[in-house]
Amino acid sequence: GQRPYVPEAEMALATALGAYDSEGTIAAVGAMDCGALVEEFVVSGDGQTVYILDARKMITAWDVPTLKQTGSLRLDFEPTSVVILGSGELLVHDAWAERLLCCGRDGKVLWSADGVADFALSENMDTVYALEYQPGVLGDPQTLGIRRLDGSNGEGKDVAATLQENGINAFVLHCSFN
């Protein structure tokens, strides 16, 4: 069946897109109709692209100035986080399957990385630091390796650092600098 209209979601999207001329007047002359309930959305740093994740696990990319859909991608997983790289591509993380996807403005997967337990972005948002579980011996503390991924192509390089479990929900960072 049809999902109910949620005015709070529309207001959040309109506010994020700067759609209001004044307090009560929307400047937009069109709409981005996803056809399903919006669960999450992110806007590129330049304000030109909005990525919308809907209840069907469909990501649609929209060109903001024209309000035209530029691409879409149906996910086969429930994403745990969705963020934008500095260059405008979308990162979608599935923590359960330890998978990270990078999607372009056309909705196509540009690159993916497996074994990614979690990730962080560099200050300029163009480099991804992937945390990956390292194989260990049963009973040994859990260790996470860090791999630096180029945001443009996903190519990785190991960083000379690991995080080792030190009690409940605590990790110790071990680094070597060359």
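Residues numbered from 1 in each chain as written. Predicted model: local features only at pLDDT ≥ 70, side-chain atom pairs only at ≥ 80, totals over all residues. Heavy atoms only, no water.

> I'd like to hear about empty space enclosed by the protein, residue by residue, with values.
Sizing a probe to match a water molecule and rolling it over the atoms shows the empty space that remains. Inspection of the entire model under this criterion finds one cavity of 30 Å³ or more. Taken together, Glu40, Phe41, Val42, Tyr51, Ile52, Leu53, Ile59, Val82 and Leu90 make up the full set of residues lining the largest cavity. If you list the elements that add at least two residues to the lining of the largest cavity, you get β3 (38-43) and β4 (49-54). Looking at the lining of the largest cavity, its residues break down into eight nonpolar, no polar and one charged. (1 Å grid on protein atoms, 1.4 Å probe; cavity = no way out; pocket = protein on both sides within 12 Å on 5 of 7 lines; lining within 4 Å. Points joined across faces, edges and corners; volume = space filled by probe spheres on them. Helix = DSSP H or I, 4+ residues; strand = E, 2+ residues; numbered from the N terminus. Nonpolar A, V, L, I, M, F, W, Y, C, P; charged D, E, K, R; others polar.)

> For the pairing of strand β5 (residues 58-63), give the residues involved together with the corresponding values.
With five of six residues buried, β5 lies mostly within the body of the structure. Here five bridges tie β4 to β5, and the two strands are oriented antiparallel to one another. The residue of β5 that forms the bridge with Ile52 is Thr60. A loop of three residues connects β4 with β5, the two strands running antiparallel in sequence, and Lys57 in this loop sits at a positive phi of about 65°. As paired elements, β5 and strand β6 (residues 68-74) share six bridges and run antiparallel to each other. In the strand pairing of β6, Met58 is matched with Arg74. Linkage of β5 to β6, two consecutive antiparallel strands, is achieved through a turn of four residues, within which Leu67 is found at a positive phi near 60°. (Buried < 20%, exposed > 50% of the residue type's maximum accessible area, 1.4 Å probe, protein only. Pairing = 2+ DSSP bridges.)

> Quick one: what's the story with the pairing of strand β12 (residues 127-133), residue by residue and with numbers?
Extensive coverage of β12 is indicated by the burial of five of its seven residues. Pairing analysis gives four bridges linking strand β11 (residues 118-121) to β12, with the strands arranged antiparallel. Considered in β12, the bridge of Ala120 is made with Tyr129. Two successive antiparallel strands, β11 and β12, enclose a turn made up of five residues, where Met125 displays a positive phi of approximately 65°.

> Give me the lowdown on unusual backbone geometry, citing residues and values where you can.
Positive phi, close to 65°, is recorded for Lys57, a residue that is not glycine. By the secondary structure assignment, Lys57 is in the loop between β4 and β5. At Leu67, a position not held by glycine, the phi torsion is positive, near 60°. Considering the arrangement of structural elements, one finds Leu67 in the loop between β5 and β6.

By themselves, these figures tell us nothing about what the structure is for.
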